[in-house]
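What follows is the residue order along each chain.
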Amino acid sequence: QVQLVESGGGLVQAGGSLRLSCAASGRTVSRYAMGWFRQAPGKEREFVAGISSRGGNTRYADSVKGRFTISRDNLKSTVYLQMNSLKPEDTAVYYCAAVYNTNFYFATATEWEYDYWGQGTQVTVSS
């Protein structure tokens, strides 16, 4: 079992920045690929960014490329999502997710491939 706890959400004006954190516990996190997803009111949950277990491979949704950066610190068992140039359409609940994979370069955008999920943190961007 892996437990995931997100933090760092809040209210920010358009053009501002936030950094989300996802603290993982329970297993050797360095063997898990991690991802960030988000769900806006009335919409389905969507992929935002993913990172391989050792951090050597990352993936991004087209809507956040160039603005968001995913990273991880395996010594701290934490994954980060740095969000810059935020837009009102980035408003959503952001979820952290994890999947075990022995391929160090595995990073997936597919929601159903993730086994563990956090409770989410709210991000609100005002115009």
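Residues numbered from 1 in each chain as written. Predicted model: local features only at pLDDT ≥ 70, side-chain atom pairs only at ≥ 80, totals over all residues. Heavy atoms only, no water.

## A look at the overall build of the protein chain
Helices and strands together make up the secondary structure of the protein chain, namely 0 helices and 11 strands. What you see in the protein chain, going N to C, is helices and strands ordered as β-β-β-β-β-β-β-β-β-β-β. Whereas a compact globule of 127 residues would reach a radius of gyration of roughly 14 Å, the protein chain reaches 13 Å, a difference of no more than 12%. The C-alpha extent of the protein chain, read off along each of the three principal axes, is 40 × 25 × 25 Å. Counting every position in the protein chain, which comprises 127 residues, the buried fraction comes to 44%. (Helix = DSSP H or I, 4+ residues; strand = E, 2+ residues; numbered from the N terminus. Rg over C-alpha atoms; globule rule 2.2 N^0.38 Å. Buried < 20%, exposed > 50% of the residue type's maximum accessible area, 1.4 Å probe, protein only.)

## Brief notes about the environment of Ser30
One can find Ser30 in the loop between β3 (18-25) and β4 (32-39). Separated by 47 residues in the primary sequence, Ser30 and Ser77 have C-alpha atoms spaced 7.5 Å apart. Among residues more than four places away in sequence, those in contact with Ser30 are Ser53, Arg54, Arg72 and Asn74. (Contact = heavy atoms within 4.5 Å.)

## Quick look at the sheet that holds strand β8 (residues 78-83)
Spatially, 4 strands are ordered β1-β3-β8-β7 in an open sheet, and the strand pairing comes out antiparallel. Edge strands, defined here as strands with exactly one partner in the open sheet, are β1 (3-7) and β7 (68-73). Strand-to-strand twist across the sheet, computed as the mean angle between neighbouring axes with direction ignored, equals 15°. Note that β1 and β3 share 5 bridges and pair antiparallel. Within β3, the residue paired with Ser7 across the bridge is Ser21. (Pairing = 2+ DSSP bridges. Axes fitted to C-alpha atoms, helices over the stretch in contact; angles between N-to-C directions.)

## As for the environment of Phe68
Its place among the elements puts Phe68 in strand β7. With 20 residues separating them along the chain, Phe68 and Val48 place their C-alpha atoms 8.6 Å apart. Setting aside residues no more than four positions away along its own chain, Phe68 makes contact with Arg38, Val48, Tyr60, Leu81, Gln82, Met83, Asn84, Leu86, Asp90 and Tyr94.

Note that every value here comes from positions in space, so none of it alone points to a role or purpose.
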